[in-house]
Number of protein chains: 2
Amino acid sequence: MKSTTLTRKQEICITAARLFKQKGYSAVTMRDLAAEVGVKAASLYNHIASKEEILNEVIVNIAESFTEGIQGIRLADTKVAEKLEAVIAQHVHLTADNPYGMASLNNDWMHLGEGKEKYLALRSAYEQHFREIIKKGKAQNVLKDIDEEVILFSTLGTLRNLYLWIPKKADLQRSKLIDSLCETLLNGVKTT
Amino acid sequence: MKSTTLTRKQEICITAARLFKQKGYSAVTMRDLAAEVGVKAASLYNHIASKEEILNEVIVNIAESFTEGIQGIRLADTKVAEKLEAVIAQHVHLTADNPYGMASLNNDWMHLGEGKEKYLALRSAYEQHFREIIKKGKAQNVLKDIDEEVILFSTLGTLRNLYLWIPKKADLQRSKLIDSLCETLLNGVKTT
DNA sequence: CCTACCGATCGGTAGG
DNA sequence: CCTACCGATCGGTAGG
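Along each chain, the written sequence defines residue order, and numbers are assigned to residues from 1. Written order decides the labels, with chains lettered from A and ligands numbered from 1. This being a predicted model, a pLDDT of at least 70 is required before a residue's local features are given, and a value of 80 or more before pairs of side-chain atoms are given or counted; all residues contribute to the totals for chains, interfaces and linings. Where side-chain values are given, they derive from all heavy atoms of the structure, hydrogens and water being excluded.

> Would you mind going over the interface of chain B and chain A in detail, with residue names and values included?
Contact between two residues is taken to exist if any of their heavy atoms lie within 4.5 Å; hydrogens are not considered. With 39 residues of chain B at the interface, the matching set in chain A holds 39 residues. Both faces considered, chain B and chain A share a buried interface measuring about 3,700 Å² in area, 59% of it formed by carbon and sulfur atoms. What counts as buried area is the accessible surface, traced by a 1.4 Å probe, that two parts surrender upon association, with contributions from both included. It is Lys144(B), Val189(B) and Lys190(B) in chain B that bury the most area against chain A; as a group they hold 19% of the surface buried on that side. What counts as a salt bridge is simple: a side-chain nitrogen of Lys or Arg found within 4 Å of a carboxyl oxygen of Asp or Glu. Our count for the chain B to chain A interface comes out at four salt bridges. Polar contacts, as counted here, are pairs of nitrogen or oxygen atoms within 3.5 Å of one another; within protein the pair requires one atom able to donate a hydrogen and one able to accept it, and residues that are adjacent in sequence qualify only if both atoms are side-chain atoms. Taken together, chain B and chain A are joined by 25 residue pairs in polar contact (both at pLDDT 80 or more). Comment: elements are numbered from the N terminus, with helices defined as DSSP H or I runs of at least four residues and strands as E runs of at least two. Every element with two or more residues in the side of chain B that touches chain A is listed here: helix H1 (8-23), helix H8 (148-160) and helix H10 (174-187) of chain B. For the side of chain B that touches chain A, the residue count by class is 16 nonpolar, 14 polar and nine charged. Polar here means any residue other than Ala, Val, Leu, Ile, Met, Phe, Trp, Tyr, Cys and Pro, which are nonpolar, and Asp, Glu, Lys and Arg, which are charged; Gly is therefore polar.

Listed below in structure tokens is the structure:
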């Protein structure tokens with residue numbers, strides 16, 4: 001395993017993720033993908049077993065990163081406010097590192113085959129960790145008494161859409177974006 | 001035009017929108033759709049010209065509602081804070097009325113043919129109206145001095161994801177949801 | 001990595 | 001509304 005050279009399989013998966021973001025998994029053909037990689041369609045099958053395997057590679061690794069990350073944040077010996085900021089920062093970093101994969105994660109997971117259950121379990125676990133952080137925040141009076149599901153899905157809604165506009169704001173620095181998002185999501189946009 | 005009876009074309013488009021949300025436009029075949037409607041695939045073509053026309057019907061009407069709505073909100077003789085609340089309320093109402101169509105609007109617009117330019121124009125106009133409201137809010141010191149694009153896309157991110165969880169919270173009353181979202185998006189989730 | 005090819009299925013049409 | 005059908009293209013395999 002070299003660190004600076006991509007294997008052919010990795011190259012295929014990265015190229016595929018970019019195409020999946022543009023047109024969605026179902027509309028991307030193996031011939032589209034092959035042309036983009038620079039080989040014939042049949043040659044792809046020397047590196048991957050099926051189209052579905054590519055989707056699995058693209059989605060499951062990211063999903064694992066998210067779930068492992070938030071678990072660490074939840075269990076860490078930090079204040080709730082810091083945990084919330086860490087969750088936001090994690091989303092920015094993972095999304096900026098792989099905006100194409102995030103598109104598949106959000107929109108194409110239903111086309112997973114065997115891997116679908118694993119993905120759904122990871123997503124449930126992620127949401128549950130997030131919910132526990134929110135519950136703790138409400139119990140400590142750090143968070144307002146707003147419906148926990150509204151807080152969860154409102155915040156997640158913003159974070160899950162980052163993949164759509166992070167690529168458009170290439171000039172935006174991560175740390176500045178994280179600060180702005182923390183302020184917006186945690187303290188709101190209105191003056192007090 | 002009867003108001004209580006759906007035309008066959010409307011029935012086809014509504015059924016299609018539901019399937020598009022489940023699997024995405026590209027993965028839904030005309031035979032899937034026909035089976036759900038209860039006819040043979042060839043019979044669909046007595047009511048619609050093509051698969052693409054169905055997508056156009058599903059997406060463009062909603063996009064027009066959003067853009068016309070926010071234009072009215074922007075031009076109304078109301079305070080900025082009320083305008084922001086009205087934008088949130090509009091999203092809740094339009095999404096609750098048609099959660100399936102919202103999925104296509106968000107995820108399948110790239111498969112529009114002729115209608116794509118119109119859709120993109122409507123979306124740009126929508127975002128521009130929203131931006132102007134935000135600018136006004138910042139000028140009047142109603143909104144904090146946060147990057148305007150962050151406010152825009154953070155708020156829109158949450159609102160554009162409503163279609164995913166409104167159907168799961170059938171018990172949630174619209175007015176209560178609107179109140180919670182206004183509080184969360186405008187004033188934040190943290191106690192002060 | 002390629003050429004050649006396969007069965008299945010796609011969106012859509014002809015004709016009644 | 002149906003049966004019958006079409007050319008194109010799909011994901012994938014055989015064999016070198």
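Text resumes after the structure shown.
> So what's going on with the packing of helix H7 (residues 116-139) of chain A against helix H8 (residues 148-160) of chain A? Which residues, and what values?
Residues and elements named next belong to chain A. To obtain each axis, a line is fitted to C-alpha atoms, and for helices this fit is confined to the stretch in contact; angles are then taken between N-to-C directions over 0 to 180 degrees. Closest axis-to-axis distance for the H7/H8 pair is 10 Å, and the angle between their directions is 125°. When the interaxial angle is binned, H7 and H8 end up oblique. Every pair of crossing elements has a handedness; the one defined by H7 and H8 is right-handed. Contact residues: H7 offers Arg123, Tyr126, Glu127, Phe130, Arg131, Ile134, Lys135 and Lys138, while H8 offers Glu148, Glu149, Ile151, Leu152, Phe153, Thr155, Leu156 and Arg160. Grouping the amino acids of the contact of H7 with H8 by side-chain chemistry returns seven nonpolar, one polar and eight charged. Small angles under 35 degrees read as roughly parallel and large ones over 145 as roughly antiparallel, with 65 to 115 read as roughly perpendicular and the rest as oblique. Take the far helix as your reference; a near helix turned counterclockwise from it by less than a right angle gives a left-handed crossing, and one turned clockwise gives a right-handed crossing.

> Mind laying out H7(A), listing which residues take part and the relevant values?
Residue and element names in this part refer to chain A. One less than the residue count of a helix, multiplied by 1.5 Å, gives the span that helix is expected to have. For H7, with 24 residues, the first-to-last C-alpha span of 34 Å sits near the 34 Å given by 1.5 Å per residue. When accessible area is computed with a 1.4 Å probe and restricted to protein chains, residues below 20% of their type maximum are described as buried, those above 50% as exposed, and intermediate ones as partly exposed. Residues of H7 that are buried: Tyr119, Leu122, Tyr126, Glu127, His129, Phe130, Arg131, Ile133, Ile134 and Gly137. On its buried face, H7 is in contact with helix H4 (51-75), helix H5 (80-97), helix H6 (99-107) and H8. Following H7 by one or two positions, asparagine 141 has its phi on the positive side, about 65°.

> Explain the nonpolar core to me, using residue names and the numbers behind them.
Nonpolar core, defined: a set of buried Ala, Val, Leu, Ile, Met, Phe, Trp, Tyr and Cys residues in which side-chain atoms within 4.5 Å join the residues together. With 122 residues, the main nonpolar core has Ile54(A), Phe130(A), Ile54(B) and Phe130(B) as its most contacted residues. Apart from residues no more than four positions distant in its own chain, Phe130(B) is found in contact with Ile70(B), Leu84(B), Val87(B), Leu152(B), Thr155(B) and Leu156(B).

> Can you tell me about the relation of the copies chain B and chain A, naming the residues and giving the values?
Copy-to-copy superposition: least squares on the C-alpha atoms, limited to residues that have pLDDT of at least 70 in both copies. Once turned by 180° and shifted 0.0 Å along the axis, chain B lies on chain A with an RMSD of 0.0 Å. Here the copies are linked by what is in effect a two-fold axis. Residue Gly188(B) of chain B places its C-alpha closer to the rotation axis than any other residue of that unit, at 1.9 Å. Comparing contact sets, 100% of the residues at the interface of chain B also lie at the interface in chain A, consistent with an isologous, same-surface contact.

> Let's hear about the protein's contact with DNA strand C: which residues, and what values?
Around DNA strand C sit 15 residues, and of these Lys40(A), Ser43(A), Asn46(A), Thr29(B) and Lys51(B) come closest. Note that a phosphate oxygen of DNA strand C is positioned 3.0 Å from one of the side-chain N or O atoms of Arg8(A). Contacts to DNA strand C include Lys51(B), whose backbone N or O atom sits 2.8 Å from a phosphate oxygen. Looking at the surface near DNA strand C, the elements that each hand over two or more residues are helix H3 (41-44) of chain A together with helix H2 (30-37) of chain B. Of the residues assigned to the surface near DNA strand C, the class counts are six nonpolar, five polar and four charged. Throughout this document, a residue counts as near a molecule or strand when at least one of its heavy atoms sits within 4 Å of that molecule or strand.

> Got a sec to walk through the side chain of Glu148(B)? Specific residues and values, please.
By the element assignment, Glu148(B) lies in helix H8. Sequence-distant contacts of Glu148(B), that is, excluding residues within four places in its chain, are made with Arg131(B), Ile134(B), Lys135(B) and Lys138(B).

> Residue-level account of the side chain of Thr184(B), with values.
Looking at where Thr184(B) falls in the secondary structure, it is placed in helix H10. A distance of 2.8 Å separates a polar atom in the side chain of Thr184(B) from the backbone oxygen of Ser180(B). The contacts of Thr184(B), once residues within four sequence positions are left out, are Ile146(A), Val150(A), Ser154(A) and Val189(B).

> Could you give me a rundown of the protein's contact with DNA strand D, with the residues and numbers involved?
In the vicinity of DNA strand D there are 15 residues, among which Thr29(A), Lys51(A), Lys40(B), Ser43(B) and Asn46(B) approach most closely. The sugar-phosphate portion of DNA strand D accounts for 60% of its atoms within 4 Å of the protein, the bases making up the rest. Within the backbone of Lys51(A), an N or O atom sits 2.8 Å from a phosphate oxygen of DNA strand D. Here Arg8(B) contributes a side-chain N or O atom positioned 3.4 Å from a phosphate oxygen of DNA strand D. Mapped onto the surface near DNA strand D, the elements with two or more residues apiece are helix H2 (30-37) of chain A together with helix H3 (41-44) of chain B. Across the surface near DNA strand D, the residue classes break down as six nonpolar, five polar and four charged.

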